[in-house]
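# Inside the fold
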Amino acid sequence: MSLPKRYKNIKKELEHKFLYENDLDSIYLLFHIIENEYRFSGLKPKYVVTKRMGRSVRNYLGYRDDRDLIASTIMKIIGNTITRLELSMYIEAYFLGYDNKEIVDEFEEIILTNVPPKALYHRKKLFHEVNTFRMRRLKKDMIRRTTEPVHYFKHNKYFIHKYCDQMIRETIYSINKFLNKQLSFHYTEDGYYISEEQFITRDEINGLYRRIVNNVTRSLNSICKDAVWYGINDRVLSRYQ
C-alpha cells in the first residue's frame, strides 16, 4: 500500500512479525496506521481459505474412513497460520486497488454516468457484488489492468509457496503425530470386526501437501482479485463521504 515513506519499513516489520511470529499486536498497530493515514476502517476479509482447504483435504482423502478426522486436525494445527496469510494478502491486494488513481478515476466516471453524486453520500458500498455481464467484464478488466503491470499474481504464487514451505510444511509432514487414531467397526454378513485406522503414508502426505498449497494459492488469488475490486470501489466512494 502507498503509505508515507516513514511508515514503509515499519509496515514491513509489522507484517513480518504478524505472519512469522504470530504477533497480534503488530497487526493491531498496522490497522491503526492505516486508519490514521487513510481515515478509513472498512477492511472486512471473509476468512474462507481455511474452510476451503478443509473441503479440499476431505475430497483428496475421500477413500479413507478417517478423512474428516484428518481434515479437522489439519485445520486446527495450521488454520491460524493460513488465516494470518489470508489477512495480510487481503490488505495488500485491497490497497493495490485503492491506491491505483488511474483506475479509480476511470471507475468514478463510469459510476457518475449511472448514479447521481448525491446518491453516493450515504451509501456504504458501491458495486462489490456484480450481477450483470457488463459489470463482470468491467471488474475483470480493471483487476487485470491493476495487477498485470506489477506481476502481482506471479509474485503471489512465489510468496505463498515460500511461506507454506517455511510455516506449514514440517507440520504437515508430521501429521501422524497429531492424529488420535481410533478403532473402526466393520460389519459383514458374518458379523463384524475391529481394525485400527491406518497412519498416513509418505506418498499420501506428499500429495496432501501439494494439494493444500495449490488450494491455498487458488483461494488466495480469488480473494485477492475481489480485494482489489473492493479497494477500487471504496476509494471512489470515499471521495463523497
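Everything quoted here is computed from the prediction, not taken from an experiment.

Our next topic: the overall build of the protein. Helix and strand content of the protein: 10 helices and 2 strands. Overall, the protein shows an N-to-C arrangement of helices and strands of α-α-α-α-α-α-α-α-α-β-β-α. Out of the 241 residues belonging to the protein, those deemed buried represent 45%. Total accessible area on the protein is roughly 14200 Å²; 49% of this is exposed by carbon and sulfur atoms.

To continue, consider the packing of aromatic side chains. All chains considered together, the criterion is met by 10 aromatic pairs. Arranged with centres 6.5 Å apart and planes meeting at 35°, the rings of Y121 and Y240 form a pair that is tilted. Taken together, the positions of Y121 in the loop between α6 (117-120) and α7 (133-147) and Y240 in the segment after α10 (202-238) put the pair 119 residues apart, joining distant regions of the chain. Overall, the relative accessible area of 16% leaves Y240 in the buried class.

Positionally, K101 belongs in helix α5 (residues 101-112). For K101 and R235, which are 134 residues apart along the polypeptide, the C-alpha to C-alpha distance reads 8.9 Å. A polar contact of 2.8 Å, which involves the side chain of K101, links it to the side chain of D105.

In this structure the tally under the stated criterion is 15 salt bridges. A salt bridge links E15 to K11, with the nearest nitrogen and oxygen atoms 3.1 Å apart. Here E15 and its partner K11 are both found in helix α1 (residues 5-21), 4 residues apart, which amounts to about one turn of the helix. Judged by its relative accessible area of 15%, E15 is buried.

Attention now moves to the nonpolar core. Residues I74, F107, I212, V216 and W229 are the most contacted members of the largest nonpolar core, which totals 67 residues. Considering each element in turn, this core owes the most residues, 16 residues, to α10.

Looking now at a positive patch on the surface. Taken together, the side chains of K44, K46, K124 and K125 present a region of like positive charge at the surface. Here K124 is to be found in the loop between α6 and α7.

So, about the side chain of R84. Mapping R84 onto the fold places it in helix α4 (residues 67-98). Buried and without a salt bridge, R84 has D23 as its closest oppositely charged side chain, separated by 9.8 Å. A distance of 2.9 Å separates a polar atom in the side chain of R84 from the backbone oxygen of F18. In contact with R84, other than residues within four places in its own chain, are F18, L19, N22, Y163 and M167.

Turning our attention to the environment of N180. With respect to the element layout, N180 can be found in the loop between α9 (169-173) and β1 (183-188). Owing to a relative accessible area of 59%, N180 belongs among the exposed residues under this scheme. Along the primary structure N180 and L69 are separated by 111 residues, whereas in three dimensions their C-alpha atoms are 8.5 Å apart.

Here we take up the packing of α5 against α7. When two helices pack together, their arrangement is captured by the angle between the axes and the distance separating the axes. Between α5 and α7, the least distance of the axes is 11 Å, while the angle of their chain directions is 165°. As the angle between them shows, α5 and α7 are arranged roughly antiparallel. The chirality of how α5 crosses α7 is right-handed. Contacts from I103, E106, F107 and I110 in α5 reach R134, M135, L138, M142, R145 and T146 in α7. Of the residues assigned to the contact of α5 with α7, the class counts are 6 nonpolar, 1 polar and 3 charged.

Parameters at a glance
Residues numbered from 1 in each chain as written. Predicted model: local features only at pLDDT ≥ 70, side-chain atom pairs only at ≥ 80, totals over all residues. Heavy atoms only, no water. Helix = DSSP H or I, 4+ residues; strand = E, 2+ residues; numbered from the N terminus. Buried < 20%, exposed > 50% of the residue type's maximum accessible area, 1.4 Å probe, protein only. Areas by Shrake-Rupley, 256 points an atom, 1.4 Å probe, with all protein chains shown as cover. Phe/Tyr/Trp six-rings, centres within 6.5 Å; stacked < 30°, edge-to-face > 60°. Polar contact = N/O pair within 3.5 Å; in protein donor to acceptor, adjacent residues only side chain to side chain. Salt bridge = Lys/Arg side-chain N within 4 Å of Asp/Glu carboxyl O. Core = buried A, V, L, I, M, F, W, Y, C linked by side-chain atoms within 4.5 Å. Patch = residues over 30% accessible without salt bridge, like charges linked within 9 Å, V, L, I, M, F, W, Y side chains within 5 Å. Lys, Arg positive; Asp, Glu negative; His and termini not counted. Charge placed at Lys NZ, Arg CZ, Asp CG, Glu CD. Contact = heavy atoms within 4.5 Å. Axes fitted to C-alpha atoms, helices over the stretch in contact; angles between N-to-C directions. Parallel < 35°, antiparallel > 145°, perpendicular 65-115°, else oblique. Left-handed = near helix turned anticlockwise from the far one by under 90°. Nonpolar A, V, L, I, M, F, W, Y, C, P; charged D, E, K, R; others polar.

Shape is all these values report; function is a separate question.
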